[in-house]
Amino acid sequence: MSTVVQVEGLTKTYDGGFEALKNVSLDIKEGEILALLGPNGAGKTTLISTICGITSPTSGRITVGGHDVEKNWRAARDLIGLVPQEINLEPFEFVGNTVRFSRGLFGKPRNDAFVDQVLSDLSLLDKRDARTSQLSGGMRRRVLIAKALAHEPRILFLDEPTAGVDVELRRDMWALVERLRADGVTIILTTHYIEEAEAIADRIGVINSGELLLVEEKDALMQRLGRKELTIELSQPIKEIPETLKEFNLTIGDANTLTYVYDATGERTGITRLLGALQEAGLTLADLQTHQSSLEEIFVGLVQEDAA
Amino acid sequence: MNWYGVAAIWRFEMARFFRSIIQSVVSPVLSTSLYFVVFGAAIGSRIPEIEGVSYGAFIVPGLIMLTVLQQSIQNAGFGIYFPKFIGTIFEVLSAPISSFEIVVGYVGAAAVKSMLIGLIILGTSFFFVDISIQHPFFMLAFLVLTAVSFALLGFILGIWARSFEQLNLVPLLVVTPLVFLGGSFYSISMLPEVWQTVSKFNPVLYLVSGFRWSFFGTSDVPIAMSLAAVLLFASACLSVVWWMFHTGYRLKS
Ligand SMILES: Nc1ncnc2c1ncn2[C@@H]1O[C@H](COP(=O)(O)OP(=O)(O)OP(=O)(O)O)[C@@H](O)[C@H]1O
Ligand SMILES: [Mg+2]
């Protein structure tokens, strides 16, 4: 697959002196779905805005479809559709008009049939003649997507498309992303949710404090992120792991707890076998607890790995 | 050139005008009619002719200028300020459209709107006073130049303003006084010597004077100077707009 967006050594320092992006380099492949995962303030929106030309880079180079976004901005921007994080819409405008406006703004001749198709793909056709201020929040987000798709972009940026969106709409959104991918559109989305990245992305980039910590194939990453811990509380204190339990990945916690680390995404977790073995070893259980590393913990883990 | 983009902005802005047609047209026509009644009929009947023109007719060019100036600034200023305020400006900034094209769209629409209103007021004035236009071509040229250059000024203010108060401040504190003191309702030859000299520093004087010349063939300052002044003002505004886009001033972070 060829590279469609290339970011090289991108640094962004805002006017106040805050460094929101630190030497970020990233290749986005044509036709892929890339999820950018990161906590609040990580720099996801800044990265997207800089690629789209809304924010000027402090240093570094960005090309889109081989066109430098600063020198050859017109050709670069032709290819891009952007759905912003904030829902910003002209309140008095009609849905159909605002989508047509976006198409015109991006230099495309009027095509009402196409606009209707986009609206209908987003289940908005019946709202075409409604004012944007009369729509629900989820509908408005879809209008923003329709606006971004109105000029038939080859690359679509979705900045937290599913924030504050109900489960059903979230599934619709994922289905839409799938359809677009089938048409060969490259999709970059940002999210706070691992599950979301897992559900739709091909590759996942993790960004924290302005640094791109890693970009990896989803499957490889999910294995690393899918670690779960089972904490076993025993009725009696334990000093040593019995011989028969050595084959399990167990560690002794304080006094009477054992911790078992396993891969929750794997075919077999080994839990059943472990419980059997515990019984055979004559240990009685007081309590069981499972714990999945939260995004924050994973970030901390990644940052520490990064530093090491 | 991204003409579809220019047209999209232009049409969007014009739609706002027609959406609020009552506010856009009725209110300037009404206030101008009031000026005619008060200044033209009531007070004007006691004022002698100025340079061979009845007072009621004399104020017509000034009234049109007053409205065109205010409308140009207001329309262009609001046109760019509002998307900045509600955040929809991101779309324009991320589109394959140059700053020049953006200006053509917003400023063009604002200028057309204010010219339309100017012409409507001119039409209204025929109901009140007897006027003829000696140099229609110059009249239109002045109208276009004024509308465009003050729409540029409004555009600058719209980008500069961080609040609605700021957006209204300059027109209120600077432009309106300049218009009233720029000979809209009198000939500066009626002023004492000192104030005539001071008035020469008021750019609006050159506009009103030139515009009035196109109606009656008489003016406070030579017509060439009027033209030069408008062109100078327009190019100053253009330079500021160019600089704003070049540096991303208050548009990009
Ligand atoms: N215009 C600005 N001026 C100064 N600092 C800014 C500006 N925009 C963003 N920042 C700062 O840059 C950092 C990154 O912000 P950004 O919006 O890119 O984060 P994000 O990853 O999108 O976060 P979220 O998940 O909350 O949307 C934050 O610390 C933010 O405060
Ligand atoms: Mg963000």
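Provided above is the structure to which this section pertains.
The rules behind these values
Residues numbered from 1 in each chain as written. Chains lettered and ligands numbered in written order. Predicted model: local features only at pLDDT ≥ 70, side-chain atom pairs only at ≥ 80, totals over all residues. Heavy atoms only, no water. Axes fitted to C-alpha atoms, helices over the stretch in contact; angles between N-to-C directions. Helix = DSSP H or I, 4+ residues; strand = E, 2+ residues; numbered from the N terminus. Left-handed = near helix turned anticlockwise from the far one by under 90°. Contact = heavy atoms within 4.5 Å. Nonpolar A, V, L, I, M, F, W, Y, C, P; charged D, E, K, R; others polar. Patch = residues over 30% accessible without salt bridge, like charges linked within 9 Å, V, L, I, M, F, W, Y side chains within 5 Å. Areas by Shrake-Rupley, 256 points an atom, 1.4 Å probe, with all protein chains shown as cover. Salt bridge = Lys/Arg side-chain N within 4 Å of Asp/Glu carboxyl O. Buried < 20%, exposed > 50% of the residue type's maximum accessible area, 1.4 Å probe, protein only. Donors = N, O, S within 2.8 Å, 3.2 Å for Na, K, Ca; no water. Near = heavy atom within 4 Å. Polar contact = N/O pair within 3.5 Å; in protein donor to acceptor, adjacent residues only side chain to side chain. 1 Å grid on protein atoms, 1.4 Å probe; cavity = no way out; pocket = protein on both sides within 12 Å on 5 of 7 lines; lining within 4 Å. Points joined across faces, edges and corners; volume = space filled by probe spheres on them. Buried area = accessible area lost by both parts, 1.4 Å probe. Pairing = 2+ DSSP bridges.

A. The arrangement of the packing of helix H2 (residues 21-43) of chain B against helix H5 (residues 99-128) of chain B in detail. Residue and element names in this part refer to chain B. Viewed as axis vectors pointing N to C, H2 and H5 meet at an angle of 35°, and their least axial separation amounts to 10 Å. The hand of the H2/H5 crossing is right-handed. Across the interface between the two elements, Ser 24, Val 25, Pro 28, Val 29, Thr 32, Ser 33, Phe 36 and Val 37 of H2 pack against Ile 117, Ile 120, Ile 121, Thr 124, Ser 125 and Phe 128 of H5. When grouped by side-chain class, the residues that make up the contact of H2 with H5 number 9 nonpolar, 5 polar and no charged.

B. Up close: a nonpolar patch on the surface. All names here are of chain B. Together, Phe 18, Ile 21, Ile 22, Val 26, Leu 30, Leu 34 and Leu 116 make up an exposed nonpolar region whose accessible area comes to about 660 Å². The element best represented in the nonpolar patch is H2, accounting for 5 residues. In this structure, Ile 22 sits in helix H2. When its relative accessible area of 60% is taken as the criterion, Ile 22 is described as exposed.

C. Seen up close, the coordination of the magnesium ion (ligand 2). The protein atoms donating to the magnesium ion (ligand 2) are Thr 45 of chain A (OG1) and Gln 85 of chain A (OE1), with metal-donor distances spanning 1.9 to 2.1 Å. Placement of the pair is Thr 45 of chain A in helix H1 (residues 44-52) and Gln 85 of chain A in the loop between strand S6 (80-83) and helix H3 (95-105), with a sequence separation of 40 residues.

D. Summary view of the environment of Ala 175 of chain A. Looking at the element boundaries, Ala 175 of chain A is found in helix H6 (residues 167-182). In sequence terms Ala 175 of chain A and Val 115 of chain A are 60 residues apart; their C-alpha atoms lie 19 Å from each other.

E. Expanded view of the site of ligand 1. The environment of ligand 1 is made up of 15 residues, and the closest members are Asn 40, Lys 44, Thr 45, Thr 46 and His 192 of chain A. More than a single chain frames ligand 1: its nearby residues are located in chains A and B. Separating an oxygen atom of ligand 1 from a side-chain N or O atom of Thr 45 of chain A is a distance of 2.6 Å. Here an oxygen atom of ligand 1 and a side-chain polar atom of Thr 46 of chain A are 2.5 Å apart. Look at ligand 1: alone it shows 640 Å² of surface, and the protein chains cover 65% of it. It is H1 of chain A that contributes the most residues to the shell around ligand 1, 3 residues altogether. Of the residues that constitute the shell around ligand 1, the class distribution is 5 nonpolar, 8 polar and 2 charged.

F. Highlighting the layout of surface pockets. Residue and element names in this part refer to chain B. In this structure, the largest pocket encloses a volume near 840 Å³. Around the largest pocket, the lining is made up of 32 residues, and of these Gln 23, Gln 71, Gln 74, Asn 75 and Phe 78 lie nearest the centre. When contributions to the lining of the largest pocket are tallied by element, the ones reaching two or more residues are helix H1 (3-19), H2, helix H3 (55-86) and helix H7 (164-180). For the lining of the largest pocket, the residue count by class is 15 nonpolar, 13 polar and 4 charged.

G. Structural detail: the interface of chain B and chain A. Listed as interface residues are 24 residues of chain B and, on the opposing side, 29 residues of chain A. The largest contributions to the chain B side of the interface with chain A come from Phe 90, Pro 96 and Ser 253 of chain B, which together make up 25% of the buried area. Counting the contacts that link chain B with chain A gives 2 salt bridges. Those elements that place two or more of their residues in the side of chain B that touches chain A are H1, H3 and helix H4 (89-94) of chain B. Broken down by element, the side of chain B that touches chain A gets its largest block of residues, 6 residues, from H1 of chain B. Residue composition of the side of chain B that touches chain A, grouped by class: 13 nonpolar, 7 polar and 4 charged.

H. Representation of the sheet that holds strand S9 (residues 203-208) of chain A within the structure. Residues and elements named next belong to chain A. Taken in spatial order, the 6 strands make up an open sheet running S6-S7-S8-S3-S9-S10, and their pairing is mixed. Each edge of the sheet is formed by a strand with only one pairing partner; in this case those strands are S6 and strand S10 (211-217). Each neighbouring strand pair of the sheet contributes to a mean axis angle of 15°, computed without reference to strand direction. Across 6 bridges, S9 lies against S10 in antiparallel orientation. The residue of S10 that forms the bridge with Arg 203 is Glu 217. Strand contacts of helix H5 (residues 137-149): S6 and strand S7 (155-159), with the helix running at about 170° to S6, the strand carrying the most contacts.

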